[in-house]
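Survey of secondary and tertiary structure
Below, each chain spelled out in residue letters.
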Amino acid sequence: MSADLHLHPCVIRIDGLDIASHVGENLLDALARAHHYIPHLCYNPALGPIKTCDTCFVTADGVLVRACTLLAHDGLEVRTRDAASEAARREGLDRVLEKHELYCSVCDNNNGDCEIHDAVDRLSVRHQRYPYRSKPYTADASNPFYTYDPLQCILCGRCVEACQNIQVNETLTIGWELEHPRVLWDGGQPINESSCVSCGHCVTVCPCNALMEKTLLGKAGPFTGWPAPLKREMIDFVKGVEQTTTYIPITALSKIDEYLRHAEQKITKTVCTFCGVGCSFDITTRGRNILKIQPEQGPANGISTCIKGKFGWDFVNSTDRLVKPLIREGSAFREASWDEALARIHERFCAIRASHGPDALGFVATSKGSNEEVYLTQKFARGVIGTNNIDCTSRYCQSPATKGLMRTVGYAGDSGTMDDIDDAELLLLIGTNTADSHPVLASRIKRRLKRGLVKVIVVDLLRHEMAERATLFLRPKPGTDLVWLCAVTRYILDCGLEDRVFLEKRVNNLDALHASLAPFTLAYAHAETGIPEAEIARIAEMIVAASGVCALWAMGVTQRTTGSDTSTAISNLLLVTGNYGKKGSGAYPLRGHNNVQGAGDFGALAEMLPGYLKVSDPKAREHVSRAWGVEIPARPGLNNHSMIDAAHAGDLKAMYIIGEDTAVVDADTYHTQRALAKLDFLVVQDIFMSTTAQFADVVLPACPSLEKEGTFVNTERRIQRFERALDPLGESKPDWLILCELAKRFGHRWDYAGPREIMSEASKVAPILAGVTYDRLEGYNSLVWPVDAQGHSEMLLYTESFHTEDGRAKLHPVHWHAPVERACAEYDLTLNNGRVLEHFQEGNLTSRVPGIVSKVNQFYVEVSPELADELGIKTGACVTLTSRRGSVEARVLVSPRVIGRELYTVEFSLKEPINRLTGKHTDAATQTPAFKELTVKLKVLTREGPSPVPRSNPRFGTRTPQSGVEVERKWKRDEYRPIPGTVAARAGDPS
């Protein structure tokens, strides 16, 4: 939309002055740019006009109208300072104050962003025309993260609009027909017993203190910590004084209080570390207290967050943070100085390299750390130690998607941005539980679905939220996505429905692909996948009919033995239908960790140097060698998976693991842990004493993102800066600084002043990062690689050519093989696994957030109603799940999300890690573990018990979808009075 606006500039006239604008721009936005203040307590740029507060009236064409309803166009002339407009706005504000008790100096929300306080101050309100009227309600503080006080609520409806049409969880409404209207959760349930997912949208957009973060309460300023009775006395005293002094001196006092708060508070821009969406926001701190997260300007998220990004930061101040280096002495650890710990690492690494060579050491970079830290990790492995044994968690999830894209179109990343996903006419979601794993992106999709702007095909084993909302939902047999994708592609080619012009002009190898598809008839696909032939044909016809198709996929595809080939088949299908290089089209493998894309981009791959330069390419090695002043080893190294095998074989003697809990997240946990125990020397660098750290010889205390600065790359290739909000806790240090200090002990002069200088070097090494600088990433600015030397981002790839030698894409034939593990007589159940909304990965971080733990606090397995009946069990039953590798215990949740003899478990668990069950079989092309190919047998221990998912979990709520605030219902209330001077119309908008 914004791009279209810039194509049509216009001039509007405000109070006799000309203001530059764009056709279709909201008048309030234009006025804000011109620093022309008009109160607007219900309007928010992200929400659009709601028309409930009546505080923004202006005169246009001689008529009083709401400014929020006016759109800029040539010739628009508006008066804002005339007597009629000012009287109407003042009347609207007085009606607002009738619902809201002003006690700003002792209000936790008086931090400079209370819009009611701002309106009262800037309009110089002296007295309140209508006295405050209380309501027969009490505040709802049942949610662990925020409170709702209906006594302070002005019924602007922002929270409802945000919930209904931005987050699209559809929990909040306003009970306009109640005697005393108020905001309702699921029609009138306590917040913590509703479908509320604690995304925080409602709190973010609230213009006052009706909705507030609990982290603010009593901690925001010098007076807010007073006991409630004393605070009430202060409020009543001020109310009495107002009768004689007017609001003006009282408002001045509250501004002094606000100033005092700002002297103690710090606002820092940061980027979320919980998934690949890359949400950015301001974080407000006071000392080490995290007061609030406020999103607004993030290029990927706008005002949006999820439960983790908005409220999941308690782990930063956890009492069990690592704050000093630890050295193993026998079976225990003792605290050590940094000097001693680094000396021990230097000594042991040198000894092992001298005895066994550099390839006896292996390195794992963190995909949760910054790009700069990843870059130094791989530089340390290659340039200091002399080995390409370097990998990251991309190997666990995204390497197959990368392989599929590099085979066909060239670049190892999304072919566009989330704006292109927004522009698509059809979305194809395969093996992605987007609402749980990438919730802010899911909200963007739900938004367009609700407005009827997109069709969505979901193909998954789990009937999750996106499946429930989909235009078409299909459940294939486990591990058979490649078959139906190839069948769809063959059907399109056989019927002559392919994009012939696109193929002839821009794509190679069509004949070879078509020949390879011969086995994939509709009948064969139905037999292998269980999807009816007509539905496979329907997918093909929907794709061909759409003007633009985006394919989104995740670990349901990549974590299989066919992960690379299935990813390739997705890209083949997009090429055959011409869905690359144009808006609203392309391939979008969704990255799981916040910087898993950046970890690959900056070189933490055994076979790739920074910028995806191949280790096997002599010219690439020479280029990097010149930049570093050292020789790069020529042989591609070991990856995560092969390092474990090499440790078992005795070939790998030492490992340095940064920020990853390998002992839990790697497949076949017992096998992995035995390998770690066999190492001669293990260094773990982390913020907590993880399971992996318990195997270490030296443990180094690192910092989370809030205690350092750097950059991340999100799932759409977007590079964003984050700043330091807090000082490092104890003696902990940023990963980049630890690596620099260690490199110096090996005789390398790593004298970087900070991440800015590291990025400067990386941009010279990796061609795709040529124009990336910290200055260009200042504030909320971002860059999307590839970035040329002038700083130009290539947002949408392949508009003119593909990233291949001849500029043409290459269709890559693939071949089908069944999953390595399929249900048999003994292991008769298929076990699927994935993320849960509330927790991140195994829970090392989020299990230290009490509010999140109150929503999901234990490992559980979802069992279909039909299987539960067969086994004679109910929700709460305790069972043992046993695979060919190991066993775990779990509570049962009987759930319609799964069918038949398929089970679903959450990855969240440290006590009963799912990877005790997973095997060593991998995707052949990338060695990514096939976490999703897993069969088990089930033993019933108890037949019923308490539910493993608390009643406070949103899945038990009942959503109340509606079009939005439905302000017309307000206007129909008998008590409603149109603002004097406006056109009264009971059945519609009275303005």
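For the structure itself, consult the block above.
Summarised in this report is the structure supplied together with it.

Cut-off values and rules
- Residue indices begin from 1 for each chain and proceed along its sequence in written order.
- Residue-level local features of this predicted model are given only where pLDDT is at least 70; pairs of side-chain atoms are given and counted only at 80 or more, and the full residue set underlies all totals for whole chains, interfaces and linings.
- Processing note: side-chain calculations cover all non-hydrogen atoms of the structure and skip hydrogens and water entirely.
- What counts as a helix is a DSSP run of H or I of at least four residues, what counts as a strand is a run of E of at least two, and both are numbered from the N terminus.
- Our radius of gyration is a C-alpha quantity, and the globule rule it is checked against amounts to 2.2 Å times the number of residues to the power 0.38.
- Remark: exposure states derive from per-residue accessible area (1.4 Å probe, protein chains only) relative to the maximum for the residue type, with buried under 20%, exposed over 50%, and partly exposed in between.
- Contacts are assigned to residue pairs with any non-hydrogen atoms lying within 4.5 Å of each other.
- Helices are assigned an expected span. That span is 1.5 Å times one less than the residue count.
- At least two bridges found by DSSP between two strands are what make those strands a pair.

Right, let's talk about the overall build of the chain for a bit. A tally of regular secondary structure across the chain gives 34 helices and 37 strands. For the chain, the C-alpha radius of gyration of 29 Å lies close to 30 Å, the compact-globule estimate for 991 residues. With respect to the principal axes defined by its C-alpha atoms, the chain has extents near 85 × 70 × 65 Å. The buried share of the chain, reckoned over its 991 residues, is 63%. Within the chain, contacts between residues at least 6 apart in sequence are counted, and of these 74% link residues at least 24 apart.

Moving on to helix α16 (residues 439–450). Over its twelve residues, α16 runs 16 Å from end to end, which matches the ideal 16 Å to within 8%, given 1.5 Å per residue. Among the twelve residues in α16, ten count as buried, and that is most of the element. What α16 keeps buried is the set Pro 439, Val 440, Leu 441, Ala 442, Ser 443, Arg 444, Ile 445, Lys 446, Arg 448 and Leu 449. Residues of α16 that are buried in the fold lie against α14 (418–423), β17 (426–430), α15 (434–437), β18 (455–459), α17 (465–469) and β21 (549–553). Where α16 ends, the next residue or the one after it, Gly 452, has phi of about 75°, a positive value.

Counting buried positions along strand β34 (residues 878–882) gives five out of five residues, so the element sits mostly inside the fold. Side chains Cys 878, Thr 880 and Thr 882 project from β34 onto one buried face, and the interleaved Val 879 and Leu 881 project onto a second face that is buried too. The sheet contact formed by β34 and strand β35 (residues 887–894) spans five bridges and is antiparallel. Within β35, the residue paired with Thr 882 across the bridge is Ser 887. Remark: four residues form the turn of the hairpin made by β34 and β35, two consecutive strands paired antiparallel. Two strands pair when backbone bridges link them, and β34 and strand β37 (residues 935–942) are joined in this way by five bridges, in the antiparallel orientation. Each residue of the ladder has a partner; that of Val 879, found in β37, is Val 940.

Here we take up the environment of Val 384. Looking at where Val 384 falls in the secondary structure, it is placed in helix α11 (residues 371–385). Sequence-distant contacts of Val 384, that is, excluding residues within four places in its chain, are made with Arg 353, Lys 379, Ala 743, Phe 746, His 748 and Trp 750.

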